[in-house]
Amino acid sequence: MYSACDIIDLTLIDELMHDGEPAVTDPQTSTKVETSSKPQPILHDPKSRQKCKDAQMLNTPSPQSISPPKLTHSFKEQRHSNVKDGRPQPQGNRRRIASHRQQEDCFNIDESELNQDFDFEKNLALFDKQALYDEVYSGSDGEIRTPMKSRKSKKVPNYRHDENVLESRPTVYRQIVINDKLKEEVAEYYTDSGLVIPCISSSLHNKICSTAAEMGISNSRQIEAFGINASQMSLNLMGGNTRLHPRNAHQCPHVVVFTGPHEVGAQGIATARHLANQNVKVDVFMANFVKINDNLQDELKLLALTNAGLLHDVKALPSAPVDLVIVAMDNDQSSFLKQQAWYNQAAEWCRNTMAPIMCLCPPEQQLGTPCVNVKWSVCCVLPKSLPSSCGMIYLVDLGLPPKLFKKLGIKYRSPFCSKPFIALHPSC
């Protein structure tokens, strides 16, 4: 054991040992505790030892006068250069030094090099374009492929906004197949989606309607369905939401409906009633008949509940321009009506008007019909073979179930998608 009298010099070493060599300490920052400049002899006498201790205490400075030792480096400072005396230091100086070194590396260029011209031809000769093309256009199997410019690009098909890009199964366009064959070959109609709609005869049309009445879908229900869908089609042709708007009440549409004493006339009155319910100004013309259809009589009672006007004289028809004219005066058994005066007067008024004309369920035979410029024709169930004078053909939905057609030997799948009416186009 060593006493304080035996220690001549004391040095604190804080540096780590590298490669077996002791670290060099800074004499200014190293802490030394010197007890005396000369070695003291070892004394064995207790009294002498006590005197030595007293002398040492007199020469030793007080604890307040001794400053704490300052370590030159620490292990944390070796790992983190931005830490000094255990505290993080700002990075500004290091960043400025690094930026200065980068600027020197970038702009410290010999001026003699700037005076030399770059030889582009010599540099271009080192680049083998053919070898690069062969590498680009060659596949993994080594086969040389033609460049993209010389390839014939495939024509990308254009899809409509309502057409699916991915098809789960092939589309069947002939979804309606009938066994009834007309005496004359007629062209089939096609929808906007490409579905094939075959034509039917007047006898088959009447048979389908009578079978539907026997199965619970009465004639009044069929007339009601026809009136609702035909009125929706009429509103769409007159402008739809743009024309019928609360802010556009000063331009209310005006429609004139001509009806006959039969079931087609009842469909026309039902259409007029639903138009009147949509705040459309409607005038219905029907001559005074001695005997009328039962369904027509019921529709006249319902029409009286609306604001629609019922006219019996052609002279009472409006002289001002109207927006639409609906003709429901003809059917397959009403050829005798064309010889009556009221019919000819109504046809003459239709020829003189500038409004577009829509015909409801026109008859299959158009012989002897007055020349009226019909723009649209509306059919129900399935269309008949109509001439081009009937204008564009539309088909409205009556809501007949598929089992009804199956009972009559007709393969049927509804062609109506999101609308209760569809446009039909001839095949040629």
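Values in this document were obtained by computation on a predicted structure and should not be read as measured data.

Draft legend 1. Spatial organisation of the overall build of the protein chain. Each helix and strand counted, the protein chain has twelve helices and twelve strands in total. By residue count, 32% of the 428 residues in the protein chain fall in the buried class. Put simply, of all contacts in the protein chain between residues at least 6 apart along the chain, 67% involve residues at least 24 apart. In the form shown here, the protein chain has an accessible surface area of approximately 30200 Å², with 53% of it arising from carbon and sulfur atoms.

Draft legend 2. Helix α11 (residues 341-352), seen in detail. With twelve residues, α11 should reach 16 Å at 1.5 Å per residue; the first-to-last C-alpha distance of 17 Å fits that figure. Those residues of α11 that are buried are in contact with β5 (254-259), β6 (281-285), β8 (324-328) and β9 (357-360).

Draft legend 3. The arrangement of the side chain of S234 in detail. Considering the arrangement of structural elements, one finds S234 in helix α8 (residues 219-237). By relative accessible area, which is 0% here, S234 ends up buried. Dropping the residues within four chain positions of it, S234 is found in contact with L275, L324, I326 and M358.

Draft legend 4. How the structure looks around the confidence of the model for the protein chain. Averaged over all residues, the pLDDT of the protein chain is 77; the fraction at 70 or higher stands at 68%. Here residues 27-39 is a poorly scored stretch, pLDDT under 50, and it has 21 contacts once near neighbours within four places are set aside; other chains count. Counted against residues more than four places away or in other chains, residues 71-79, with its pLDDT under 50, gives 17 contacts.

Draft legend 5. Molecular detail of the sheet that holds β5. Spatial strand order, β4-β3-β12-β11-β10-β9-β8-β5-β6-β7: ten strands in an open sheet with mixed pairing. The open sheet is flanked by β4 (196-197) and β7 (309-311), the only strands paired with a single partner. With five bridges connecting them, β5 and β6 associate as parallel partners. Residue pairing in the sheet places V257 in a bridge with V284 of β6.

Draft legend 6. Main features of the nonpolar core. I208, F226, V282, V381 and L400 are the most contacted members of the largest nonpolar core, which has 64 residues in total. Excluding anything up to four places from it in sequence, F226 contacts Q267, T271, L360, C361, V378, C380, V396 and L398. Counting 21 residues, the second largest nonpolar core, distinct from the first, contains V256, F258, V325 and Y343.

Draft legend 7. Broad picture of a nonpolar patch on the surface. A cluster of nonpolar side chains, contributed by L124, F127, L132, Y133 and V136, occupies part of the molecular surface with about 490 Å² of accessible area. For the nonpolar patch, the element with the most residues is helix α6 (residues 129-137), which contributes three residues. One can find L124 in helix α5 (residues 120-125).

Draft legend 8. View of the pairing of β6. Here β6 lies mainly inside the structure; four of its five residues are buried. Regarding the hand of the β-α-β motif, the stretch spanning β5, helix α9 (residues 263-277) and β6 is right-handed. Taken together, the three bridges between β6 and β7 define a ladder with parallel strand orientation. The residue of β7 that forms the bridge with F285 is L311.

Draft legend 9. Here's a closer look at the layout of surface pockets. If you add up the space inside the second largest pocket, you get close to 390 Å³. The wall of the second largest pocket is formed by 19 residues, among which H205, N206, E263, V264 and Q267 lie closest to the centre. Going through the elements one at a time, α7 (202-214), α8 and α9 are the ones with two or more residues in the lining of the second largest pocket. The residue makeup of the lining of the second largest pocket, split by class, is eight nonpolar, eight polar and three charged.

Draft legend 10. The packing of α9 against helix α10 (residues 294-303), seen in detail. Direction vectors running N to C along α9 and α10 enclose 15 degrees, while the axes themselves pass 9 Å from each other. Considering the angle they form, α9 stands roughly parallel to α10. The interaxial crossing formed by α9 with α10 has left-handed handedness. Residues G265, A266, I269, A270 and R273 of α9 form the contact with α10, whose own contacting residues are N295, L296, E299, L300, L302 and L303.

Draft legend 11. Representation of α9. For α9, with 15 residues, the first-to-last C-alpha span of 21 Å sits near the 21 Å given by 1.5 Å per residue. Judged by how many residues are buried, α9 sits mostly within the fold: 13 of 15 residues are covered.

Draft legend 12. Broad picture of the packing of aromatic side chains. This structure, assessed with the given rule, holds seven aromatic pairs. Both rings, one in W342 and one in Y343, keep their centres 5.8 Å apart while their planes meet at 75 degrees; by these two values the pair is edge-to-face. Judged by relative accessible area, Y343 falls into the buried class, the value being 2%. Pairwise contacts between aromatic rings join F258, F285, F289, W342, Y343 and W349 into one cluster.

Draft legend 13. View of the state of the cysteines. What the rule picks out here adds up to zero disulfides. Counting only cysteine sulfurs, C359 is the nearest neighbor of C350, a cysteine outside any disulfide, at a range of 9.7 Å. Among the residues examined, C350 registers a relative accessible area of 3% and is labelled buried.

Draft legend 14. Summary view of the pattern of salt bridges. The full count for this structure, using the stated rule, is five salt bridges. The shortest N-O distance in the salt bridge between R273 and E299 comes to 3.2 Å. In this pair, R273 sits in helix α9 while E299 sits in helix α10, placing the two residues 26 residues apart along the sequence. Comparing R273 with E299 shows no difference in burial state: the two are buried. Put simply, E348 and R351 hold a salt bridge, and the shortest N to O gap is 2.4 Å. Note that E348 and R351 are positioned in helix α11 at a spacing of three residues, about one turn of the helix.

What counts and what doesn't
- Residues numbered from 1 in each chain as written.
- Predicted model: local features only at pLDDT ≥ 70, side-chain atom pairs only at ≥ 80, totals over all residues.
- Heavy atoms only, no water.
- Helix = DSSP H or I, 4+ residues; strand = E, 2+ residues; numbered from the N terminus.
- Buried < 20%, exposed > 50% of the residue type's maximum accessible area, 1.4 Å probe, protein only.
- Contact = heavy atoms within 4.5 Å.
- Areas by Shrake-Rupley, 256 points an atom, 1.4 Å probe, with all protein chains shown as cover.
- Expected span 1.5 Å × (residues − 1).
- pLDDT = per-residue confidence, 0-100.
- Pairing = 2+ DSSP bridges.
- Core = buried A, V, L, I, M, F, W, Y, C linked by side-chain atoms within 4.5 Å.
- Patch = residues over 30% accessible without salt bridge, like charges linked within 9 Å, V, L, I, M, F, W, Y side chains within 5 Å.
- Salt bridge = Lys/Arg side-chain N within 4 Å of Asp/Glu carboxyl O.
- Right-handed = clockwise from strand over helix to strand, strands pointing away.
- 1 Å grid on protein atoms, 1.4 Å probe; cavity = no way out; pocket = protein on both sides within 12 Å on 5 of 7 lines; lining within 4 Å.
- Points joined across faces, edges and corners; volume = space filled by probe spheres on them.
- Nonpolar A, V, L, I, M, F, W, Y, C, P; charged D, E, K, R; others polar.
- Axes fitted to C-alpha atoms, helices over the stretch in contact; angles between N-to-C directions.
- Parallel < 35°, antiparallel > 145°, perpendicular 65-115°, else oblique.
- Left-handed = near helix turned anticlockwise from the far one by under 90°.
- Phe/Tyr/Trp six-rings, centres within 6.5 Å; stacked < 30°, edge-to-face > 60°.
- Disulfide = S-S within 2.5 Å.

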